[in-house]
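Residue strings, one per chain:
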Amino acid sequence: EPVVSLSGVGKTFSNGTMALDNLNLDVFPGEFLSLLGPSGCGKSTALRLMAGLGRATCGEVSIVRHDPGEHRGDIGFVFQEPTLMPWATVADNVWLPLRLKGVSRAKADPVIRDSLALVGLAAFAGAYPRELSGGMKMRVSIARALATKPSILLMDEPFAALDEITRFRLNDDLLRLKAELGCTVVFVTHSVYESVYMSSRIVVMAARPGRVVSTIEVDAPMPRG
Ligand code: ADP
Ligand code: ADP
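- As annotated in an unreviewed UniProt entry, the protein chain carries the name Nitrate/sulfonate/bicarbonate ABC transporter ATP-binding protein and is attributed to Chelatococcus daeguensis.
- The UniProt entry for the protein chain carries the following text under Sequence similarities (unreviewed entry): "Belongs to the ABC transporter superfamily."

The following block contains the structure:
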């Protein structure tokens, strides 16, 4: 049973741009799904709809939440740009989604520390974003997305702006993280390499208006080294 389901989804922006036309897509629990396609084919739009950011023009978007009793069930979203608050420390940046839920800094502290440890940046809690490399900033935004212990992690070309070496490293980090957390990942990319390397399933979208042209099952991915 899918955790996210897009059924007959269309999206036309107010300026008349049709970004999606009759998109059908199910995301299954625990999978690492890549949405692959050329720029402008509607990948980000589809991902944003999954996150509840924006409304579909037609069709149905359904998201299955976990038990409300469980602390899990949220959706974590990682943007292409790290979008960290430059005036706040790494720890305070990771606190943000918890703070928006009314969790005090003191109460959030163990969670912030756990999230930073997961991305290997425990020692940088007190640092400011300007002191970090591009890859480290991206890891902070992943830690921030993990702070609410999401069951679904949506990532919008998170590594596109990074150099290739850092990107390879983060590909491996993400695979380990996913294995450790057992979360579902939907990963938007226009990199064939990245999608083949990381995902268990690749959904290929055609040039606009966004439509699925094929679905590829991949062998279970294994991190290098
Ligand atoms: P992708 O992520 O595959 O690059 P997007 O989902 O970002 O594609 O965009 C799909 C199409 O919708 C593109 O033609 C893009 O220019 C357009 N688009 C995206 N966001 C908006 C918006 N807020 N307003 C108008 N057009 C948009
Ligand atoms: P990343 O892959 O995170 O971008 P870089 O190779 O760009 O890492 O690292 C930039 C600098 O920051 C290097 O000197 C690296 O040793 C240091 N660095 C990166 N991550 C850590 C970490 N977890 N602990 C200590 N130093 C780090």
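Having seen the model, we can carry on.
## Concerning the site of ligand 2
Inference 1: Every residue lining ligand 2 is accounted for by Gly120, Leu121, Phe124, Ser133, Gly135, Met136, Arg139, Thr166 and Arg169.
Inference 2: Between ligand 2 and the protein, one listed contact pairs a nitrogen atom with a backbone N or O atom of glycine 120 at 2.6 Å.
Inference 3: At a separation of 2.6 Å, an oxygen atom of ligand 2 approaches a polar side-chain atom of arginine 169.
Inference 4: Calculation on ligand 2 without its partners gives an accessible area of 540 Å², and the protein chains cover 51% of this total.

## Structural notes on the site of ligand 1
Inference 1: Close to ligand 1 lie 13 residues; Gly40, Gly42, Lys43, Ser44 and Thr45 are nearest.
Inference 2: Glycine 40 is positioned such that a nitrogen or oxygen atom in its backbone is 2.7 Å from an oxygen atom of ligand 1.
Inference 3: Cysteine 41 is positioned such that a nitrogen or oxygen atom in its backbone is 3.1 Å from an oxygen atom of ligand 1.
Inference 4: Contact with the protein chains removes 66% of the 560 Å² of surface that ligand 1 exposes when unbound.
Inference 5: Tallying contributions element by element places helix 1 (residues 43–50) first for the shell around ligand 1, with three residues.
Inference 6: Considered class by class, the residues forming the shell around ligand 1 number four nonpolar, seven polar and two charged.

## Things to note about the pattern of salt bridges
Inference 1: If you walk through the whole model with that rule in mind, you get seven salt bridges.
Inference 2: Arginine 201 serves as the salt-bridge partner of glutamate 31, at 2.8 Å between the closest nitrogen and oxygen. One end of the pair, glutamate 31, is in the loop between strand 2 (18–27) and strand 3 (32–36); the other, arginine 201, is in strand 8 (residues 201–206), and 170 residues separate them in sequence. With respect to class, glutamate 31 is no different from arginine 201; both count as buried.

## Quick look at the nonpolar core
Inference 1: If you look at the biggest cluster of nonpolar residues, it comprises 37 residues, and the most contacted ones within it are Ile142, Leu153, Met155, Phe159, Leu174 and Phe187.
Inference 2: In terms of residue count, helix 4 (residues 134–146) provides more of this core than any other element does, seven residues in total.
Inference 3: Those residues in contact with leucine 174 that sit more than four places away from it in its chain are Phe32, Leu153, Met155, Phe159, Phe187 and Met198.
Inference 4: With 23 residues, the next largest nonpolar core counts Leu20, Leu23, Val27 and Val203 among its residues.

## Things to note about the packing of helix 4 against helix 5 (residues 164–181)
Inference 1: Running from N to C, helix 4 and helix 5 cross one another at 20°; their axes reach a closest spacing of 11 Å. The orientation of helix 4 relative to helix 5 falls into the category roughly parallel. Helix 5 is crossed by helix 4, and the crossing has right-handed handedness. Residues Gly135, Met138, Arg139, Ile142 and Leu146 of helix 4 pack against Thr166, Leu170, Asp173, Leu177 and Leu181 of helix 5.
Inference 2: Grouping the constituent residues of the contact of helix 4 with helix 5 by class yields six nonpolar, two polar and two charged.

## Some points on the side chain of aspartate 156
Inference 1: Inspection of the secondary structure assignment puts aspartate 156 in strand 6 (residues 152–156).
Inference 2: Here aspartate 156 occupies a buried position and makes no salt bridge, while the nearest side chain of opposite charge, arginine 48, is found at 5.8 Å.
Inference 3: Looking at aspartate 156, its side chain comes within polar contact range of the side chain of serine 44, at 3.0 Å.
Inference 4: Once residues lying within four places of it in the same chain are set aside, the contact partners of aspartate 156 are Ser44, Leu47, Phe77, Val78, Phe79, Gln80 and Val188.

Reading the values: the criteria
Sequence order as written defines residue numbering, which begins from 1 separately in each chain. The naming scheme follows written order: chains are lettered A onward, ligands numbered 1 onward. Totals for whole chains, interfaces and linings use all residues, but because this is a predicted model, local features are given only for residues with pLDDT of at least 70 and pairs of side-chain atoms are given and counted only at 80 or more. As a convention, hydrogens and water are excluded, and side-chain values are obtained from all of the structure's heavy atoms. UniProt positions are given in the numbering used here, feature names are shortened, and annotations may be inferred rather than shown by experiment. The near set for a molecule or strand comprises every residue that places at least one heavy atom within 4 Å of it. N or O atoms closer than or at 3.5 Å make up a polar contact, with two conditions inside protein: a donor-capable atom paired with an acceptor-capable one, and, for residues adjacent in sequence, both atoms drawn from side chains. In these tables, accessible area is a Shrake-Rupley quantity obtained with a 1.4 Å probe, and a residue counts as shielded only by the protein chains included in the view. Each helix corresponds to a stretch of at least 4 residues labelled H or I by DSSP, and each strand to a stretch of at least 2 residues labelled E; elements are numbered beginning at the N terminus. Put simply, Ala, Val, Leu, Ile, Met, Phe, Trp, Tyr, Cys and Pro go in the nonpolar bin, Asp, Glu, Lys and Arg in the charged bin, and everything else, Gly too, in the polar bin. Salt-bridge detection follows one rule: a side-chain nitrogen of Lys or Arg within 4 Å of a carboxyl oxygen of Asp or Glu. Relative accessibility under 20% of the residue-type maximum defines a buried residue, over 50% an exposed one, and the middle range a partly exposed one, all with a 1.4 Å probe and only protein chains included. Definition of nonpolar core: a set of buried residues of the types Ala, Val, Leu, Ile, Met, Phe, Trp, Tyr and Cys, connected through side-chain atoms within 4.5 Å. Here, residues are in contact when the closest pair of their heavy atoms is within 4.5 Å. Throughout, an axis means a line fitted to C-alpha atoms (over the contacting stretch in the case of helices), and angles, computed between N-to-C directions, take values from 0 to 180 degrees. In what follows, roughly perpendicular refers to angles from 65 to 115 degrees, roughly parallel to angles under 35, roughly antiparallel to angles over 145, and oblique to any angle outside these ranges. Throughout, a crossing is termed right-handed when the near helix is turned clockwise from the far one, and left-handed when it is turned anticlockwise from it by less than a right angle. In this tally, Asp and Glu contribute negative charge and Lys and Arg positive charge; neither His nor the terminal groups of the chain are included.

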